[in-house]
Amino acid sequence: NTRKYQVAKANLIVSELETSKRYVKELETFSYSFAIKNDSEAYAGDVVITDSLPDGVEFVDLTFEMHGEKNTVRKLEDGKVVAHVALDAGEEIEFQLRVKASLLPNEDDKTIENKVQVSYSNNNYETNTVTNIIEYDENAHNGNTDTPGVDSKYRITGTAWNDA
């Protein structure tokens, strides 16, 4: 005698990946953010988040709140950011991945692209790809890593007004 059981699987929704800044200076910290929602009545255990960071950034940390507790990942696994999470039915987890732009080998700006992979129960999801531009910063090469001030140069996208 055998019986057939159907086990309910969770349905995950992965949000758009967003970046805190499109243009970043060398050695500047910025972040990526995204969310995962369990859009079903089933529990989703062992959801794996993976980010193979692009060349040009250094990992700082990944933070998220799960079941009311704040979690922080500070170590890479095989050179990748990896987090294991579980989502109750209807639960949503927001993630913030902080990175720091590396020094550039020359004065040429560098364009980088990043996306996050999510896997659960033999299903693979990906966020959209986000583009950042790491800008050469002479101060970073001269050892001056103070917070950018009045003398800093920034690229402005969109509309800018000068009320001087």
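Our structure is the block above this text.
All of these numbers come straight from a predicted model, not from anything done at the bench.

A. Representation of the sheet that holds strand S13 (residues 130-135). Strand order across the open sheet formed by three strands is S3-S13-S10, with mixed pairing between neighbours. Looking at which strands have only one partner, the edges of the open sheet turn out to be strand S3 (23-25) and strand S10 (110-114). Pairwise comparison of adjacent strand axes, ignoring direction, gives a mean angle of 30 degrees for this sheet. Inspection of the sheet shows S3 paired to S13 by three bridges, in the parallel sense.

B. Up close: the sheet that holds strand S5 (residues 44-51). Sheet architecture is open: four strands sit in the order S8-S5-S11-S12, paired in antiparallel fashion. The sheet terminates laterally at strand S8 (81-87) and strand S12 (123-126), the two strands that pair on one side only. Here the strands of the sheet are splayed against their neighbours by 20 degrees on average, with no regard to which way each runs. For S5 and strand S11 (residues 117-120), the ladder comprises three bridges, and the chain directions are antiparallel. The residue of S11 that forms the bridge with Val-48 is Ser-119.

C. Looking closely at the pattern of salt bridges. Summed over all chains, the structure comprises five salt bridges. Between Lys-25 and Glu-135 there is a salt bridge whose closest N-O contact spans 3.9 Å. Taken as a pair, Lys-25 in strand S3 and Glu-135 in strand S13 lie far apart in primary sequence, 110 residues in all. This pair shows no difference in class: Lys-25 is buried, exactly as Glu-135 is. With a closest N to O distance of 3.0 Å, Asp-55 and Lys-110 form a salt bridge. Taken together, the residues Asp-55 in the loop between S5 and strand S6 (57-66) and Lys-110 in strand S10 connect sequence positions 55 residues apart. Looking at Lys-110, the relative accessible area reads 27%, which means it is partly exposed.

D. Broad picture of the nonpolar core. Counting residues in each nonpolar core, the largest one holds 37 residues, and the members touching the most others are Ile-36, Val-47, Ile-49, Leu-62, Phe-64, Val-85 and Phe-95. Put simply, the parts of the chain that give this core at least two residues each are strand S1 (12-14), strand S4 (29-38), S5, S6, S8, strand S9 (92-101), S11 and S13. Beyond its immediate sequence surroundings of up to four residues, Phe-64 is in contact with Glu-69, Lys-70, Asn-71, Val-73, Ala-83, Val-85, Ile-93, Glu-94 and Phe-95.

E. Inspection of the packing of aromatic side chains at higher detail. Going through the model one piece at a time under the given rule, you end up with three aromatic pairs. Here Phe-34 and Phe-95 contribute two aromatic rings whose centre-to-centre distance is 4.7 Å and whose plane-to-plane angle is 10 degrees, an arrangement assigned as stacked. Here Phe-34 is found in strand S4, whereas its partner Phe-95 is found in strand S9, with 61 residues between them in sequence. Of the two residues examined, Phe-34 and Phe-95, each falls in the buried class. With centroids separated by 5.1 Å and ring planes inclined at 40 degrees, the aromatic side chains of Phe-64 and Phe-95 adopt a geometry described as tilted. With Phe-64 in strand S6 and Phe-95 in strand S9, the pair connects residues that are 31 residues apart, well separated along the chain. Each member of the pair, Phe-64 together with Phe-95, is buried. Clustering of aromatic rings is evident, with ring pairs tying together Phe-34, Phe-64 and Phe-95. Lying across the ring of Tyr-23, Arg-22 places its NZ or CZ 5.7 Å from the centre.

Procedures and definitions
- Residues numbered from 1 in each chain as written.
- Predicted model: local features only at pLDDT ≥ 70, side-chain atom pairs only at ≥ 80, totals over all residues.
- Heavy atoms only, no water.
- Pairing = 2+ DSSP bridges.
- Helix = DSSP H or I, 4+ residues; strand = E, 2+ residues; numbered from the N terminus.
- Axes fitted to C-alpha atoms, helices over the stretch in contact; angles between N-to-C directions.
- Salt bridge = Lys/Arg side-chain N within 4 Å of Asp/Glu carboxyl O.
- Buried < 20%, exposed > 50% of the residue type's maximum accessible area, 1.4 Å probe, protein only.
- Core = buried A, V, L, I, M, F, W, Y, C linked by side-chain atoms within 4.5 Å.
- Contact = heavy atoms within 4.5 Å.
- Phe/Tyr/Trp six-rings, centres within 6.5 Å; stacked < 30°, edge-to-face > 60°.
- Lys NZ or Arg CZ within 6 Å of the ring centre and 35° of its normal.

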